[in-house]
Amino acid sequence: MRRLGLSLLGLTALVLAAGPPALAEEVGCVSTVWKMVGPDHKICVDAFEDPKVDGVVCHVSRARTGGLSGALGLAEDTSDAAIACRQVGPITIKEDLEDGEQVFSERRSIMFKRLQVVRFHDRPHNTLVYLVYSDKMVEGSPKNSLSTVPVMPWGGTPAQGPGLE
């Protein structure tokens, strides 16, 4: 038992050391299935800003399981998700970007399953690529969605940052 506690403590430290992903703001939800006990099943949309790139906002939609298990946080949400990212101002890349770097993460079950958004910088095409997918400790899902943001000037202000020409 002590070994399990130390393993969980080490895992927590590893997750915290990875740096904070972006925080999301709920935009809205729609009910898809009425539940007599607990909240309804829903599709929810959240917005978040890329923590290393000013001028980009992403919107992620995904299912939330309702009912009693959903209310208690015991339900495992589906792996279905969609993403749309857009330039909303002058783009400034604050520091070097790592391909596949996590920019958003959300727990999808009580243990082991997460929804993640990672970013790639397609330098030859001057484009930021955002990929949303869900992973699981034992078996992930191939379901995914992709959005791209061309790095362009905004109102006469050129894009700035490392890796931009």
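Computed from a prediction, not measured in an experiment: that's the story for all the values here.

Draft legend 1. Spotlight on the state of the cysteines. Using the criterion set out here, one finds two disulfides in the structure. Between the sulfur atoms of C58 and its disulfide partner C85 the distance amounts to 2.1 Å. Around the S-S axis, the bridge from C58 to C85 shows a dihedral of about 110° and counts as right-handed. Note that C58 is positioned in strand β3 (residues 53–64) and C85 in strand β4 (residues 81–93), a separation of 27 residues in sequence. Relative accessible area serves as the criterion here: at 0%, C58 is assigned to the buried category. Given the relative accessible area of 0%, C85 is considered buried.

Draft legend 2. Spatial organisation of the confidence of the model for the protein. For the protein, mean pLDDT is 78; residues scoring 70 or higher make up 65% of the total. Across residues 2–19 the pLDDT falls below 50, and counting only partners more than four positions away or on other chains, this stretch makes zero contacts in the model.

Draft legend 3. Expanded view of the packing of aromatic side chains. What the rule picks out here adds up to one aromatic pair. Taking 4.8 Å as the distance between ring centres and 10° as the angle between the ring planes, the aromatic pair formed by F48 and F104 counts as stacked. A residue pair is termed long-range when its members are at least 10 positions apart, and F48 in strand β2 (residues 41–49) and F104 in strand β5 (residues 101–107) qualify at 56 residues. One exposure class covers both F48 and F104, and it is buried.

Draft legend 4. Structural detail: the nonpolar core. Counting residues in each nonpolar core, the largest one holds 20 residues, and the members touching the most others are V53, V56, I83, V117, L128 and Y130. Breaking this core down by element, the ones donating at least two residues are β3, β4, β5, β6 (113–122) and β7 (127–136).

Draft legend 5. Region of interest: the pattern of salt bridges. By the definition in use, this model includes seven salt bridges. Two residues, R119 and D50, come together in a salt bridge whose shortest N-O distance is 2.7 Å. On the criterion of sequence distance, the pair formed by R119 in strand β6 and D50 in the loop between β2 and β3 is long-range, its members being 69 residues apart. Judged by relative accessible area, which is 1%, R119 ranks as buried. Since its relative accessible area comes to 2%, D50 is described here as buried. Measuring nitrogen to oxygen at the nearest pair gives 3.1 Å for the salt bridge that ties D54 to K94. One end of the pair, D54, is in strand β3; the other, K94, is in the loop between β4 and β5, with 40 residues separating them in the sequence. Looking at D54, the relative accessible area reads 37%, which means it is partly exposed.

Procedures and definitions
- Residues numbered from 1 in each chain as written.
- Predicted model: local features only at pLDDT ≥ 70, side-chain atom pairs only at ≥ 80, totals over all residues.
- Heavy atoms only, no water.
- Disulfide = S-S within 2.5 Å.
- Helix = DSSP H or I, 4+ residues; strand = E, 2+ residues; numbered from the N terminus.
- Buried < 20%, exposed > 50% of the residue type's maximum accessible area, 1.4 Å probe, protein only.
- pLDDT = per-residue confidence, 0-100.
- Contact = heavy atoms within 4.5 Å.
- Phe/Tyr/Trp six-rings, centres within 6.5 Å; stacked < 30°, edge-to-face > 60°.
- Core = buried A, V, L, I, M, F, W, Y, C linked by side-chain atoms within 4.5 Å.
- Salt bridge = Lys/Arg side-chain N within 4 Å of Asp/Glu carboxyl O.

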